[in-house]
Amino acid sequence: MSNEALLKEVGTLLSILNEGAPVALGAISWASPVVSFGNPAVSKVATLGLNPSNLEFVDRVGKPLLEPYNRFESLGSLNAASWGEVAQLGVQRIWETCEDYFFRNPYDQWFKRLDRTLTKTGASFYSRIGESACHLDLVPFATADKWSTLPRGHQTRLIELGAPSLARTLSASDIRVLVLNGATVVREFSRLVAADSLRAQVESSWTLQDGRVQGISYIGRISEVGSIALRRELLVLGFNHNIQSSFGVTNQAIANIATWIGSQSEGVLV
């Protein structure tokens, strides 16, 4: 995937944001779209989440992150009154903050744990010289409220807005393995691909809370997302646990998930 394609995608997302539909559905009006965390052009592995956290743009008390602590661009950092005013130089800056995300001020509390699930693939979000990984979202817009609190209709429409961008990014990238992060992501992503694309299986070594919470893996191959054909077939792997949860998800469970992802990816990442 060329940077030119990614720059074009940023421009497309800016147009969607400027038209107002994402904001009406709960997106932060002044926060830039996030086409990726890291660079899909140099990544063969990507994780997939729901949408960027509001903490990518604000601190714990809701104040906007300002330079040099900001993670992404905003209307304020670009000195623009609207997204329609952002010129090509601003588009370039938005892309560069995506590309360099893990080497500026990443939200490590969230990403470090997810990165551990990729260790057996040899890829990492934080690698400059080895195999790089990136993170993508179903929806490229941060919302002011947490995803789980949004009305279901708003969630559905936001995914409809984001799915074409996700498909274009996957299609043009070098990504071979897509890892779905958690049961909600698995459920929403499954609605965008062919029926029965993903097979579920109980994983006894992922069981949590003395057997009260089952571990479930998901695996399949896809060639389209949201009826948009991809340039190559992708291996999709998923797990049901909320890796970022501070309650219940053990280090051993994360290690077992990592081992499974690594073994399933063998022969694919070449």
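Going by the structure above, here's the rest.
As the structure is a computational prediction, the values presented were derived from the model and not from experiment.

Here the focus is the overall build of the protein chain. On a plain count of helices and strands, the protein chain comes out with seven helices and seven strands. Sequence-distant contacts in the protein chain: of pairs separated by 6 or more residues, those separated by 24 or more amount to 71%. For the protein chain, the exposed area adds up to about 12,000 Å²; of that, 49% sits on carbon and sulfur atoms. Taking the average location of the 24 positive side-chain charges in the protein chain and that of its 25 negative ones, the two points are 4 Å from each other.

A full pass over the atoms with the stated rule returns 14 aromatic pairs. Here the aromatic rings of Phe37 and Phe72 are separated by 5.4 Å at their centres, their planes lie at 85°, and the arrangement is edge-to-face. Placement of Phe37 in the loop between α2 (21–24) and β1 (43–49) and of Phe72 in the loop between β1 and α3 (88–99) is noted, with a sequence separation of 35 residues between them. Residue Phe37 is classed as buried on the basis of its relative accessible area of 2%.

The next point concerns the packing of helix α1 (residues 3–19) against helix α5 (residues 152–172). In contact at an axis separation of 11 Å, α1 and α5 are set at 175° when each is read in the N-to-C sense. Relative to α5, the element α1 lies roughly antiparallel. Taking contact as the criterion, the partners of Glu9, Thr12, Leu13 and Ile16 in α1 are, on α5, Leu161, Ser165, Arg168 and Thr169. Class assignment for the residues of the contact of α1 with α5 results in three nonpolar, three polar and two charged.

What follows covers the pairing of β1. The buried fraction of β1 amounts to seven of the seven residues, a majority that puts the element mostly inside the structure. Where β1 lies against strand β3 (residues 131–137), six bridges are found, and the strand directions are parallel. Bridge assignment links Val45 to a residue of β3, and that residue is Ala133. Sheet analysis places β1 next to strand β4 (residues 177–181), joined by four bridges and oriented parallel.

With respect to the helices and strands, His241 occurs in the loop between β7 (228–239) and α7 (251–265). Judged by relative accessible area, which is 4%, His241 ranks as buried. Within the structure, His241 has its side chain in polar contact with the backbone oxygen of Trp206 (distance 2.8 Å). With near-sequence residues (within four places) excluded, His241 lies in contact with Gly182, Trp206, Leu208, Val213, Gln214, Gly215 and Ile257.

The rules behind these values
Residues numbered from 1 in each chain as written. Predicted model: local features only at pLDDT ≥ 70, side-chain atom pairs only at ≥ 80, totals over all residues. Heavy atoms only, no water. Helix = DSSP H or I, 4+ residues; strand = E, 2+ residues; numbered from the N terminus. Contact = heavy atoms within 4.5 Å. Areas by Shrake-Rupley, 256 points an atom, 1.4 Å probe, with all protein chains shown as cover. Lys, Arg positive; Asp, Glu negative; His and termini not counted. Charge placed at Lys NZ, Arg CZ, Asp CG, Glu CD. Phe/Tyr/Trp six-rings, centres within 6.5 Å; stacked < 30°, edge-to-face > 60°. Buried < 20%, exposed > 50% of the residue type's maximum accessible area, 1.4 Å probe, protein only. Axes fitted to C-alpha atoms, helices over the stretch in contact; angles between N-to-C directions. Parallel < 35°, antiparallel > 145°, perpendicular 65-115°, else oblique. Nonpolar A, V, L, I, M, F, W, Y, C, P; charged D, E, K, R; others polar. Pairing = 2+ DSSP bridges. Polar contact = N/O pair within 3.5 Å; in protein donor to acceptor, adjacent residues only side chain to side chain.

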